Amino acid sequence: MKRALVFSIFWLGALVAMAQNGQTVRGKIIDADTKMPLYRARVFLVSDSMAKGMVTDSTGNFAFKDVPTGRHTIKVMHRGHKTKVLTNVVVLSGKETVLNLSLQVAAFSDEEETDTKTHTGEVGNEMAMVSAREFSVDETVRYAGSRGDPIRTALNFAGVQGLDDSRNDLVIRGNSPYGLAIQIDGVNIMNSNHFATPGTNGGPLSKISFKCLDNSDFYSGSMPAEFGNCSSGVFDLRLKTGNNQKHEQGIYFGVLGTDVFAEGPINREKGSSYIFNYRRSVINLFMNAGLDFGTNAVPFYQDLNFKLNYPKKNGAELSFWGITGNSRSSITLSDDTKAVPELYGDNDRDQYSESGLDILGLTYTRPLNTKTFLKATIAYSKGFNFGHDNYIVSRDTLADGSFNPKGVKTTPFVGYNYRKDKYTLTSYMNRRLAANKLLKVGFTAEAFDMRYYDSVRVTTSPDWVTQNQWTTRWNSTEVQSLWQYFAQYKQEFGQKFQATLGLHGTYFTLGNGKSLIEPRMGFSYNFAAGKTLSFGAGLYSQTQPPYMYYYLGQNADNNNPVAYNKGMGLTKNWQSSLGYNWSITPNLNLHAETYYQYLYNIPVEVQPSAFSLINTGTGFSRVFANPLKNSGTAYNYGLELSLQRYFSKGYSLLLNGTLYQSKYKGSDGVLRNTNFNGNYMANALGTREFKVREHATFGIGTNVTYCGGRRYGNFDLQKSTQQKDVVWQNSGYNQHKYKDYFRLDLRLTYTINLEKTTHEIAFDLLNILNTKNVLSYAWAPGLNANSNFALRQQIGFLPLFYYKLDF
């Protein structure tokens, strides 16, 4: 690692002498509501060394040539619209900077003269009053510890925390990670991560490439009426449109994969374009070099993101887009010569698994007139998981205590094959009723073709081969559908006050899946210069993990397994959020939010127990539930504080702190901590850029995270032995707490802009202090001489790096 660092710095340093300047900054200006191009909008580009100005053409396009590399400010003005100022526009020599900017209508004449300064984090959705922020591609790349994963970027926001360093599960305000909805162009997508587990939204690494993403929005609560089938938050992702004038390429090589990226015009005259990124894993190379990822498995994964965009007449556009990827892993503990904790699997078996996701979408957009905009998307998605486990029956132990791999006896234990095909049609229409009034209506229809098969050996005898019989746990093929609709209305009452009202409805054909009326509302009040009070509230509902409806448990007399949970209803969540925002200076902002959430209709066991689905949705294990009923409840409340110093004069700073409670009741009526109730969390991020020479920069970033420890209870030894997994007693469930979590990450980058290329090398040093954070207890007979349970540690010090070339 040291040799790589020294060589890289020496090599990049040698390139500085060849560095040159100049690149094109161009884009398109449109109306935020109708998406109509804005003719003769005035665009200004300003930096410390230059200032330029121009007006857009009839299609809303503008272009500045020979712009020096570095950071610049863009200001856009148009009659009848609010002025927009975009700060920290990064210009690199290896790629054109292409901006697609939207301006909001100035409902009142004097709003045109007021600059609306847009910083990183300010959400673009006009209907969002509170608990929302934009996340940028720049953040995904620049923040220490993000690993180039757009989902992990949200871990840097107030009220959001992770549970497992090896996964990107998001606990938002104490809710289950399953409560998060991730959507692209209005299409709610299945788990988009490599090595995905059914019933979760997270995983080790996202298939979504930040190189194909545009700036997108993240909601941590009190979402507008357009969002449904979620209970904690929403990632509203937007795919980037490729450069329609110039072919550009990029190569990325790092620990987490090798990427090939390209974008460019299909037809310059018509403005059509393409963009794609292909990634393939190379982790095996670094595992062979000694990097510890917490597993002996050699994982394989690959993914492809793409978008083809075709402008049509009258401002319409047609785009064909997709995300596809698959991953597989073989954890073969029978090959080990000593007992080693396994971070990604169980410690008593060999595990073989594969998962994948394919999404293809066709999106059509069109301004119908100067007041109306229409968007429609049809999409096909396929997600699959299959694999099998071989139980380690016995081992030969040598005199020195090590294992003889040739003396291991294994037998098949579990086999499963899940697949879900989904067909989606979604559409919405914006209608500007007046300069200060906006209506948005839409619907989503989804059809599911679901196939679940699984069988396991019941462990009733020590004679595995002849005595233990196979039992079917899943055997279903069904078609179901989910229907959603919404309407939301926004009105501005003068320059200081605006409000929204909305309604969402959900109908799921499986179980008791009806939530026909879900009211939503919000307001924002600018009561003093730079000071805003905001509020949002509403009812939200969500379906349960699809595979859980079809689990074949045993009936009362243990004959003829039945899918006894097909009647589950929707989990519901009343949410309210109150926010305060103070723009202390143009580059310093303080934000505070307090929230309360009441969840009900949560599936809990029919027999009195501590079990609740509110505690699921994370990890690499499925849930095998007893008969459930929708009678569980939970509540979350908390206070979030954020102090952000936007990037200026070479540095930025983000400080977050959260105090919260997350409690629930199972069917036994006892109030307990949820699995995610750490009570407090804090993180501090800082970035600093130094200009080495005129066209070379050195960057350093830090990320310090401190969270309350995870919850656990008392072991149930008898059931754990029978199920070969950790099972907790009802008594004392979640009354204990692991030690608090602490991690320090460091990021170093070096960037050089040559005449037509940009070179960048980065080192992401995760957990640089090698802090021994606790993950959980695991069932690990033989690993610990005094117990069948062993503590799993989180990932220790992990150095990652990449080299990127854009040209």
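What counts, and at which threshold
- Residues numbered from 1 in each chain as written.
- Predicted model: local features only at pLDDT ≥ 70, side-chain atom pairs only at ≥ 80, totals over all residues.
- Heavy atoms only, no water.
- Phe/Tyr/Trp six-rings, centres within 6.5 Å; stacked < 30°, edge-to-face > 60°.
- Helix = DSSP H or I, 4+ residues; strand = E, 2+ residues; numbered from the N terminus.
- Buried < 20%, exposed > 50% of the residue type's maximum accessible area, 1.4 Å probe, protein only.
- Lys NZ or Arg CZ within 6 Å of the ring centre and 35° of its normal.
- Polar contact = N/O pair within 3.5 Å; in protein donor to acceptor, adjacent residues only side chain to side chain.
- Pairing = 2+ DSSP bridges.
- Axes fitted to C-alpha atoms, helices over the stretch in contact; angles between N-to-C directions.

Enquirer: Quick rundown of the packing of aromatic side chains? Include the residues and the values.
Expert: Applying the stated criterion across every chain yields a total of 44 aromatic pairs. Seen from their ring centres, Trp779 and Phe789 are 5.6 Å apart, and the 75° between their planes marks the pair as edge-to-face. Of this pair, Trp779 sits in strand 42 (residues 774-784) while Phe789 sits in strand 43 (residues 787-793), and the two are ten residues apart along the sequence. Under the relative-accessibility criterion, Phe789 is labelled buried at 7%. Here the aromatic cluster, defined as three or more aromatic residues joined through ring pairs, consists of Tyr416, Tyr418, Tyr452, Trp474, Tyr547, Tyr550, Tyr551, Tyr564 and Phe624. Across from the ring centre of Phe620, 4.6 Å away, lies the NZ or CZ of Arg167, which sits over that ring. Here the basic side chain of Arg688 rests over the ring of Phe690, its NZ or CZ set 4.6 Å away from the ring centre.

Enquirer: Would you mind going over the side chain of Thr616 in detail, with residue names and values included?
Expert: Checked against the element boundaries, Thr616 lands in the loop between strand 32 (588-605) and strand 33 (628-648). For Thr616, the side chain forms a polar contact with the main-chain oxygen of Leu613, separated by 2.8 Å.

Enquirer: Would you mind going over the pairing of strand 25 (residues 403-434) in detail, with residue names and values included?
Expert: One ladder, built from 24 bridges, connects strand 24 (residues 372-397) with strand 25; its direction is antiparallel. Bridging from a neighbouring strand, Lys375 pairs with Tyr428 of strand 25. Taken together, the 20 bridges between strand 25 and strand 26 (residues 437-457) define a ladder with antiparallel strand orientation. Bridge assignment links Met429 to a residue of strand 26, and that residue is Val441.

Enquirer: Any details on the environment of Gly442? Residues and values, ideally.
Expert: Inspection of the secondary structure puts Gly442 in strand 26. In this structure Gly442 comes out as buried when scored by relative accessible area, which is 13%. Taking C-alpha positions, Gly442 is 44 Å from Ile283, a pair spaced 159 residues apart along the chain.

Enquirer: Break down the sheet that holds strand 1 (residues 23-31) for me, citing the residues and quoting the values.
Expert: Pairing within the open sheet is mixed, and its three strands lie in the order 4-1-7. Each edge of the open sheet carries a strand with a single partner, namely strand 4 (61-67) and strand 7 (97-103). Looking at each pair of strands side by side, their axes are set apart by 20° on average, direction ignored. Bridge analysis of strand 1 against strand 4 gives five bridges, and the strand direction is antiparallel. Note on strand 4: the bridge partner recorded for Lys28 is Asn61.

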